[in-house]
Amino acid sequence: MLGILDRLPWTQRVVLTVLIAVAVAGVVFEGLSAETVPGAVGVVICGLLPVATLLVPTVPTALVSGIALLSIAYTIIGTQLSPRLDNTFGVVELLGLSWLLVRVVMQYRPLRTIWLAALLIVAACLLPLRLDASNEEYLPAMGVGIFFGMAFMTLLGLYLRLHDRRRADSFELARQAQRLEYARDLHDFVAHHVTAIVAQAKAVRFTTAAGLPPSPAALDDMLAGIEKAGSQALVSMRGMITVLRDDGNGGAVPVRPHQTLGELVATAADSFAGPPVTTSIDDQLAGRTLPHQTLDAAKHVVQESLTNVLRHAAEVSHVEISACDEPGSVRITVANDGIAADNGMPSSGFGLLGLTERVESVGGRLTAGPTGAGWAVTAVLPSSPT
């Protein structure tokens, strides 16, 4: 807490206001206990300035050094007063300098912190010199005690600085992980649905350019496929925007549209705009309820693999999606019998990289590569919550 009232909850505002009021009352009491007007004025001014910095969001270097130098100057002047202070040297000022030291350590870079902290420590350790001769025997002990107290406050400032840094780093890591998750989802939406639209539009152009314009029924089927892919892209994007906006769902995880692996694979196969797809899934596995993290990863594995068939494969006559049960895991494979295509589309990107990150994030592993008869993507996912 750096004393920024307008950024604090009302409860902390009340507490800070009470503390400041108590500090001001303490400074006034200390000033009234001084036997001379210059002594009273000096105690009040030197005590109020550090307390006032609690209301400043960021303490400037000039203000810190000015407060420390003013305290040292008044201490020097106080040794020449007659009579000198007899029962207090400025306890509120000492507390204010201590907290100011903590803020300096938290706020400034090391080089600037060193000389500002040195000024504040010197100012604090010299405070007992304001007392009169009757307290001389206690001055060394008070000076040593203040020095160790300021050393402790320095360590406290370092701890709070490290704590703030770790919190900021954790927040940044969380934001980075969130950005990667959104990037993977956005890639899936664009690559899968838009690729289907592009593939079907190319099919229309290819048949027309070859002098074989499609019949009205075939053209209607192609346009219906484009319309369906576009509608699915809008639905997917709307779902992502809903999650990003968190429209009053209290941060709850959205309900998955598929509850079983069999339904998930069947839906992906039916909506695929490319070559024929066959599925082979163990009967017990097809109807089993799997963890939603596993289903989510499996959905993206199947979706990305089918998208890559449209984007990067040629001469594909058949695509097979298979899934089998293994001890503690589920193995999903999407294989095709095609070859690498030279269709002008980028051959490298973030698809497999993002897919690997997604699979590994749920405790699985992903492999992809040629099989001798085509290309296959295999994911091994946990069948129970991790």
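Since this is a predicted model, take the numbers as computed values, not measurements.

1. Structural notes on the overall build of the protein chain
Phase 1: Summing up its helical and strand segments, the protein chain has 11 helices and seven strands in all.
Phase 2: Relative to its 386 residues, the protein chain shows a buried fraction of 38%.
Phase 3: The long-range fraction of contacts in the protein chain, counting pairs at least 24 apart against all pairs at least 6 apart in sequence, stands at 74%.
Phase 4: Of the accessible surface of the protein chain, which amounts to about 21,400 Å², a share of 65% is contributed by carbon and sulfur atoms.

2. Observations regarding the environment of Ala133
Phase 1: Relative to the helices and strands, Ala133 is located in the loop between α5 (110-125) and α6 (139-209).
Phase 2: As a C-alpha pair, Ala133 and Pro83 span 50 residues in sequence and 9.9 Å in three-dimensional space.

3. Overview of the packing of helix α2 (residues 37-52) against helix α3 (residues 61-78)
Phase 1: The N-to-C vectors of α2 and α3 enclose an angle of 160 degrees; their axes lie 10 Å apart at closest approach. In terms of orientation, α2 and α3 fall into the roughly antiparallel class. For the crossing formed where α2 meets α3, the hand is left-handed. Contacts between α2 and α3 involve Pro38, Gly39, Gly42, Val43, Ile45, Cys46, Leu49 and Pro50 from the first element and Ile67, Leu70, Ser71 and Tyr74 from the second.

4. Side note on the pairing of strand β7 (residues 375-382)
Phase 1: Counting buried positions along β7 yields seven of eight residues, so the element is predominantly enclosed.
Phase 2: Pairing of strand β6 (residues 365-370) with β7 involves six bridges; the strand directions are antiparallel. Its bridge partner lying in β7, Pro370 is registered against Trp375.
Phase 3: Between the antiparallel neighbours β6 and β7 lie four residues, among them Gly372 with a positive phi of about 95 degrees.

5. A short note on a nonpolar patch on the surface
Phase 1: Where nonpolar side chains cluster on the molecular surface, the patch consists of Val37, Val41, Ile45, Leu49 and Leu70 and spans about 400 Å² of accessible area.
Phase 2: A per-element tally of the nonpolar patch places α2 first, with four residues.
Phase 3: Here Ile45 lies in helix α2.
Phase 4: Given a relative accessible area of 42%, Ile45 falls into the partly exposed group.

6. Here we look at helix α10 (residues 292-312)
Phase 1: Over its 21 residues, α10 extends 29 Å from the first C-alpha to the last, a length consistent with the 30 Å expected when each residue adds 1.5 Å.
Phase 2: In terms of burial, α10 is a largely internal element, 16 of the 21 residues being buried.

7. Examining α2
Phase 1: Between the first and last C-alpha of α2 there are 22 Å, a value that for 16 residues agrees with the 22 Å anticipated at 1.5 Å per step.
Phase 2: Residues of α2 that are buried: Gly39, Ala40, Gly42, Val43, Cys46, Gly47, Pro50 and Val51. The buried residues of α2 occupy an angular sector of 165 degrees when the element is viewed end-on, so they sit on one face.
Phase 3: By the N-cap criterion, in which a side-chain oxygen at the helix start approaches the backbone nitrogen of a residue two or three places on, α2 is capped by Thr36, the distance to Gly39 being 3.2 Å.

8. Observations regarding the sheet that holds strand β3 (residues 319-326)
Phase 1: Spatial strand order, β1-β3-β4-β7-β6: five strands in an open sheet with mixed pairing. In this open sheet, the two strands that pair with only one neighbour each are β1 (277-281) and β6. The average undirected angle you get between the axes of adjacent strands in this sheet is 10 degrees.
Phase 2: Where strand β4 (residues 329-336) meets β7, eight bridges bridge the pair, whose relative direction is antiparallel. Bridged to Asn336 within β7 is Trp375.
Phase 3: Against the sheet, helix α8 (residues 261-270) contacts β1, β3 and β4, and its axis sits at roughly 170 degrees relative to β1.
Phase 4: Across the sheet, α10 lies against β1, β3, β4, β6 and β7, angled at about 175 degrees from β7, the strand it touches most.

What counts, and at which threshold
- Residues numbered from 1 in each chain as written.
- Predicted model: local features only at pLDDT ≥ 70, side-chain atom pairs only at ≥ 80, totals over all residues.
- Heavy atoms only, no water.
- Helix = DSSP H or I, 4+ residues; strand = E, 2+ residues; numbered from the N terminus.
- Buried < 20%, exposed > 50% of the residue type's maximum accessible area, 1.4 Å probe, protein only.
- Contact = heavy atoms within 4.5 Å.
- Areas by Shrake-Rupley, 256 points an atom, 1.4 Å probe, with all protein chains shown as cover.
- Axes fitted to C-alpha atoms, helices over the stretch in contact; angles between N-to-C directions.
- Parallel < 35°, antiparallel > 145°, perpendicular 65-115°, else oblique.
- Left-handed = near helix turned anticlockwise from the far one by under 90°.
- Pairing = 2+ DSSP bridges.
- Patch = residues over 30% accessible without salt bridge, like charges linked within 9 Å, V, L, I, M, F, W, Y side chains within 5 Å.
- Salt bridge = Lys/Arg side-chain N within 4 Å of Asp/Glu carboxyl O.
- Expected span 1.5 Å × (residues − 1).
- Arc of directions from axis to C-beta.
- Polar contact = N/O pair within 3.5 Å; in protein donor to acceptor, adjacent residues only side chain to side chain.

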